[in-house]
Amino acid sequence: MRGPGSAMYGGTASGGVVNVITRSGRELQGVSVRMTGGGFGFDSVNLRKVDLSAGGARGAFDAYLQASGTRLDGIRVQGRNDMNRANLRLNYTRQVDGAPAAAPHATRVGLDVSYSDLDMQIPGALTDGSWRNEPWAADPLNVTGAYGRREQRWRFGLRASQGLGSRFGTVEAFAFGTARTIDHPIFRVVDQNTHRVQGGLRHAVGFTAPGDVAVRLNTGLDVDRWYGESRQWTNVGGTQGRATPCVNDRVRNIVSVPCTNQYIVLPGLGTYTSADITRGRATLTAGARYDRVTYDIEDRIRPTQSVTQSFDQVSPRVALRYEVKPGVSVYTSVARGFEVPTNSELTASPDTIRGLNTDLRPSSLINYEVGAKALIASRVLLDVAVYRTNVTGEFLSRTVVIPGVQFPRTIFENVGRTRRTGFELSATTLVAPWLDVVTSYTYARYVMTQFTGTEINARGQSVPADYAGKLIPGVPQQRAAAEFRLRPARGLDVTLWGEAQGRTYVDNANTVNGTVFTQVTRPGQAPLTVPVAFGAVPAYALAHATVTYALPETRGARTGASRASLFVNVENLFDRRYVAALATNAGNGRFYFPGAGRVVNAGMTLSTGGR
């Protein structure tokens, strides 16, 4: 769901809402193993991945287990990435005469448990010359500081829903708990041990009002509490510099202790109500949500710098949908959104001691949208939308170099006002029984209408700069994609897809080709101002292909159906050099994260059991 379009899921979801539905044991009754290996080109194996899924159901109960292990030795120096995951879902569904009870009387209870273990290296961004000539390189300071992220996370969840009869609707309740530890050497070694508790209640009821008007009411309450300890140490080769004092420390004898030691509590509360009112072909949706988020940050080293801040907002929404004829509908909506800084954004501070960016404020927006959806001749599914969003306080990142500090850091600031104008078009076409075509096009013009920032001049001085009328960096104005899904023979699937993206600016000034002046720290000397050439990210186009062949199914008396399939996947088919991601406003001149060249993966999927 694009934009702040749902009072139910929260005004903080200002960019949109994605509904992810985990598989259940009733969908996969058996065991499946998928093995993948591949690399960059045809002469090496840099990726090894194994996925295991198992599910089953008996009576009212079902269970689903998924586990995976991935090891990736990236194409870049310091690019290793190891990830292990496991998820378990247990469900109870009330049965009546061997089938799930009807919705007005249904009872569902679910338990979710998940675990993840991440160990990754961070190669960092490159200069314009580096990504073009040696895209495998890493930022030398990332190597010196052994930048990386090691994280372990446990998550537990309980879900329940109960039908209250056709007159009283359905009530749902949920509760989740998360425990996470992070060892994160970047500009400092960040050490976090945090927990999060979330819960909520939801009630939905539908009825028919006089005049043949169908009404559905939704109300809910969400609570959220994130809390834990966050410490930052001087980075000495990726380890905690316990014998190294913090730069510019104003507290005496702060050695052998963290540069920052904070206990952070982020409680949140949200409540909402919405109504869908349908008469004939028209449906009116109206609702509002209230959100309140508090930042309670205790500074254990410098208690006078502890901070408590609260932000709140009411986010209303109104939408109207009209069915022109079966399969064709138009809609329009107006909605308000609200986004608060994350803990990572708030604690990314230019203050070398405080470790808190108190100048960062929440952003708010109003979104206007019109669109249409149509199914044409039962063969073409068309979706088109035009939107305008006015934003106050949009978050924008920049990398700063602080005198006397070895490692640069990325911080966030608010843009005064921005205006986003966009157009999105997608089409899915059933061309023939053996061919589907999916196409999409996006036009996005995001303009800063009011913003005065700063930049470094050739003398190393920070000077103000007016960026009104400039495009927000990091957002391409045009992007297109096409996918061809072919089924040339029984068991054989071939997918060819491509993507293209227009030029993307990397700085607030929208420089096509220019120079950024960065400061290099020199022990015992004044910083040295060095010019670094840079430019906008050039447009690119990529092609990819996947071939899958399913072997004939076999059946055993005990194992049931057994299936096997082979697959080959090639990304960046023509080995193009391009920028996959970027760091906006990089004061050190390192804006670019190069994309991988040709990547070839192949593997096999084996499954047994099931229906």
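Since the model is a prediction, treat every value here as computed from it, not as a measurement.

## Things to note about the overall build of the chain
Check the secondary structure of the chain and you find 3 helices and 33 strands. Rg of the C-alpha trace for the chain: 27 Å, near the compact-globule value of 25 Å for 611 residues, within the 12% margin. Along the first, second and third principal axes, the C-alpha set of the chain runs to 80 × 60 × 45 Å. Residue burial in the chain is summarised as follows: out of 611 residues, 42% are buried. Taking contacts inside the chain between residues at least 6 apart in sequence as the whole, the part at least 24 apart equals 65%. As displayed, the chain has an accessible area near 30,800 Å², and 57% of this comes from carbon and sulfur atoms. In the chain, 68 side chains carry a positive charge and 48 a negative one; their mean positions are 3 Å apart.

## Looking at the pattern of salt bridges
Per the counting criterion, the structure on display carries 24 salt bridges. Taking the shortest distance from any N to any O, the salt bridge between R26 and D62 comes out at 3.5 Å. Here the residue R26 occupies a position in the segment before β1 (30-40), and D62 occupies one in strand β3 (residues 61-73), the gap between them amounting to 36 residues. Overall, R26 belongs to the partly exposed group, its relative accessible area being 27%. On the basis of relative accessibility, which here comes to 6%, the residue D62 falls in the buried class. One salt bridge connects R398 with E413, and the closest N-O pair in it is separated by 3.2 Å. Here the residue R398 occupies a position in strand β18 (residues 380-400), and E413 occupies one in strand β19 (residues 409-432), the gap between them amounting to 15 residues.

## Examining the pairing of strand β8 (residues 148-163)
Here strand β7 (residues 107-121) runs beside β8; their pairing, made up of 15 bridges, is antiparallel. Each bridged residue has a counterpart across the sheet, and for D117 the counterpart in β8 is Q152. Relative to strand β9 (residues 170-185), β8 runs antiparallel, the two sharing 14 bridges. Looking across to β9, one finds that R150 is bridged to D183. In this structure, the hairpin formed by β8 and β9 is closed by a connection of 6 residues, where G165 is found at a positive phi of approximately 100°.

Definitions and limits used
- Starting from 1, residues in each chain are numbered consecutively following that chain's sequence as written.
- Note on the predicted model: pLDDT of at least 70 is required for a residue's local features to be given, and 80 or more for side-chain atom pairs to be given and counted; whole-chain, interface and lining totals, by contrast, use all residues.
- Heavy atoms throughout the structure, all of them, feed into the side-chain values; hydrogens and water do not.
- Helix numbering and strand numbering both begin at the N terminus, where a helix is a DSSP run of H or I of at least 4 residues and a strand a DSSP run of E of at least 2.
- As a reference, a globule follows 2.2 Å times the number of residues to the power 0.38, and the radius of gyration itself is taken over C-alpha atoms.
- Burial classes follow relative accessibility: with a 1.4 Å probe on protein chains only, a residue under 20% of its type's maximum area counts as buried, one over 50% as exposed, and anything between as partly exposed.
- Between two residues, a contact is recorded if the distance between any of their heavy atoms is within 4.5 Å.
- Computed by Shrake-Rupley with a 1.4 Å probe, the accessible areas treat only the displayed protein chains as cover when residues are assessed.
- We score Asp and Glu as negative and Lys and Arg as positive, and we do not count His or the chain ends.
- The atoms used to mark charge sites are NZ of Lys, CZ of Arg, CG of Asp and CD of Glu.
- Whenever Lys or Arg places a side-chain nitrogen within 4 Å of a carboxyl oxygen from Asp or Glu, that contact is recorded as a salt bridge.
- Here, a strand pair is defined by DSSP locating no fewer than two bridges between the strands.

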